[in-house]
Amino acid sequence: MSASMSTPAPAAPPALVEAERLRREFRMPKGQDPVVAANDVSFRIAAGEVLGLVGESGSGKSTIARMLVGLERADAGSLRIAGADRFAPARGQAARLARARQAQMVFQDPYGSLDRRLSVQQALVAAMRLHGVADREGARRRAGELLDRVRLTEQQGSLRPHQLSGGQRQRVAIARALAVSPTLLVLDEAVSALDVSVQAQILELVDEIRREAGIAVLFVSHDLAVVDEIADRVLVLYRGDVVEEGPAAAVFRAPEHPYTRLLVSSVPGPGWDPHEVIARRREFDAAR
Amino acid sequence: MTTTATGALLRRDGLARRRDPLYAVSLAFLGLVVLVAAFGPLVAPYPPDAIDFTAIWGSPSPAHLLGTDQLGRDLFSRLLLGTRESLIGPLALLAGATVIGVAIGLVAAWNGGWVDVLLARITDVMFAFPGLLFVVLVIAVFGKGPWTAVVALALAYAPVIAKFTRSIALSELARPYVDAYRVQGASAVHIAVRRVLPNMTPALLGYLVVLFGEGLMSLATLSYLGFGAQPPSSEWGLMVQEGQDGIVLGHFAPTLVPGLAIAAVVVAVNIVGVRLSERLGARA
Ligand SMILES: Nc1ncnc2c1ncn2[C@@H]1O[C@H](COP(=O)(O)OP(=O)(O)OP(=O)(O)O)[C@@H](O)[C@H]1O
Ligand SMILES: [Mg+2]
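Since this is a predicted model, take the numbers as computed values, not measurements.

1. Observations regarding the UniProt feature "domain: ABC transmembrane type-1" (unreviewed entry) in chain B
- With numbering aligned to this structure, UniProt lists the feature "domain: ABC transmembrane type-1" (unreviewed entry) at residues 87-273 of chain B.
- The span residues 87-273 of chain B is 85% helical and 0% strand by assignment, and the distance between its end C-alpha atoms comes to 16 Å.

Shown next as structure tokens:
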């Protein structure tokens, strides 16, 4: 009786991205155990939130990132973005484009991820025209706005990728992703190939985009300092398992899981001893 | 796509002329050959089949610049008029082979898996089957004639192009910009044909130019054997064959003139093709 009287607890605002128990195994050559790149990974990202995904090389970060944009399938689990099932087969142009507008990605390699044949302007216009911006003039105007937004000049817009620096190319990649007006932006090591000052500029840009456009961001990096800088919440991945999750400040300043502690203490700083880091890493692996 | 490739080619031409005289000479010679193919009929002093029994096996003279053949036909005129047919054949065969080969190579590379294996088996079989034997077989079934030869050779050349296309497509498809297009929601056909293929054309182009030389030689060979162009055509391979009778009589010009024309075009095309793939390949 009393149960029916109580008002239901106000539902938490529905998350934009809902990933439930994502699993992915990669078969290895005969005789070797399969690699579990994602082991029941669950997480949520709210609109306008930046979720950091950290972990060492091979921990499964890219696998998860690529699942979110449909480049990698899952063996099990479910993934919804804005309530839409990402794993249901998308047949037909309209379904594919609708999916593209849910999630876009910026890749690690600023040299290979742009089509070398197209100028910046052409790449942006092509993306918009694919997504149904019918008139060329309108697309061109929007391309100008996007260039402005990622702080590239009109003149740089007429250049081709090989004429741009790494940082400029990543801006172009971000602009190209935004051209589609996505609700989620996935950045997989998107600043890892850039030098520190350029990294800072890109981080600032990403932060601005999520604040102004309310876009959710999955920010993948092995660089804890960078993730600490930009992420609201952090997911720590170890060999496909999520070992810790929480607000960035808590995870990095008061890590609970031994692996997170190991990661945090492995960051080079004053009194940093590579031998000690390697020794502790070995101890940790042996203990698992 | 072609405009950027040709544009780059032309822009580099200034450099080429200074640093690479062989390439420049070959290019100029091929330009001349194309002009002859286009305007030869306007320049030729005689009709190609103008028989003159008073001038059989004639030596070069002001009236007949390169001499005459066994029927007293003017060799210079026949050479000029045969240029078009001698070039259009290989061009058509290359176009056909390219369409088939590039389609097979792209589909194989894009799909991978069993599609790739199946197509590889098919092309391997086509590959292993002696080209000339295959061509003769096709001609035996469909009857001899210039177009049968072109179609048969197009089928014989397709697997080579398919193999080459597949290998460059594999490395092209591994580039992350292809993933970026997928994420953008572009269809497989759109990505493969409109985005990836144009990025492959520089590498393909040089290869196809070299193949053109081979195609010209193969077609001339078929005509020489009597399977290709038929009299009274003045296709170069046929000219060589018809001129052969003169050799025992000491008249070399009727075989030498078309033979040299074939050789010169093939050599020039090879030089241009190899340089082209070096340049465009280095750029890509
Ligand atoms: N296509 C694949 N085939 C086989 N194994 C794969 C494939 N992709 C990833 N793996 C394996 O899955 C594991 C996770 O790879 P993933 O690329 O997701 O790691 P990562 O955390 O992004 O590493 P990095 O920081 O080096 O980019 C690795 O052990 C990797 O070898
Ligand atoms: Mg990775």
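2. Some thoughts on the site of ligand 1
Residues and elements named next belong to chain A.
- With respect to spatial proximity, 13 residues lie near ligand 1, and among them Ser57, Gly58, Lys61, Ser62 and Thr63 are the closest.
- Measuring from an oxygen atom of ligand 1, one finds a side-chain N or O atom of Ser62 at 2.7 Å.
- Between an oxygen atom of ligand 1 and a side-chain N or O atom of Thr63, the distance comes to 2.6 Å.
- Elements supplying a minimum of two residues to the shell around ligand 1: strand S2 (35-45) and helix H2 (61-68).
- A total of three residues in the shell around ligand 1 trace back to one element, the largest contributor, which is H2.
- A breakdown of the residues in the shell around ligand 1 according to their chemical character gives four nonpolar, six polar and three charged.

3. Description of the sheet that holds S2(A)
Residues and elements named next belong to chain A.
- Pairing is antiparallel in the open sheet, where four strands are placed in the order S2-S1-S4-S5. Two strands in the sheet have a free side with no partner beyond their single neighbour: S2 and strand S5 (84-85).
- Bridge count between strand S1 (residues 17-26) and S2: seven bridges; the pairing is antiparallel. In the sheet register, Arg24 faces S2, and the bridge partner there is Ala38.

4. Here we look at the pattern of salt bridges
- Under the criterion given, the structure shown has 28 salt bridges over all chains.
- A salt bridge links A:Arg140 to A:Glu137; the nearest nitrogen and oxygen atoms lie 3.7 Å apart. Highlighted residues: A:Arg140 and A:Glu137, both in helix H5 (residues 136-149), separated by three residues, approximately one helical turn.
- One salt-bridge network, held together by shared partners, links A:Arg24, A:Arg66, A:Glu72, A:Arg73, A:Asp75, B:Asp179 and B:Arg182.

Cut-off values and rules
Residues numbered from 1 in each chain as written. Chains lettered and ligands numbered in written order. Predicted model: local features only at pLDDT ≥ 70, side-chain atom pairs only at ≥ 80, totals over all residues. Heavy atoms only, no water. UniProt positions renumbered as here; feature names shortened; annotations may be inferred. Helix = DSSP H or I, 4+ residues; strand = E, 2+ residues; numbered from the N terminus. Near = heavy atom within 4 Å. Polar contact = N/O pair within 3.5 Å; in protein donor to acceptor, adjacent residues only side chain to side chain. Nonpolar A, V, L, I, M, F, W, Y, C, P; charged D, E, K, R; others polar. Pairing = 2+ DSSP bridges. Salt bridge = Lys/Arg side-chain N within 4 Å of Asp/Glu carboxyl O.

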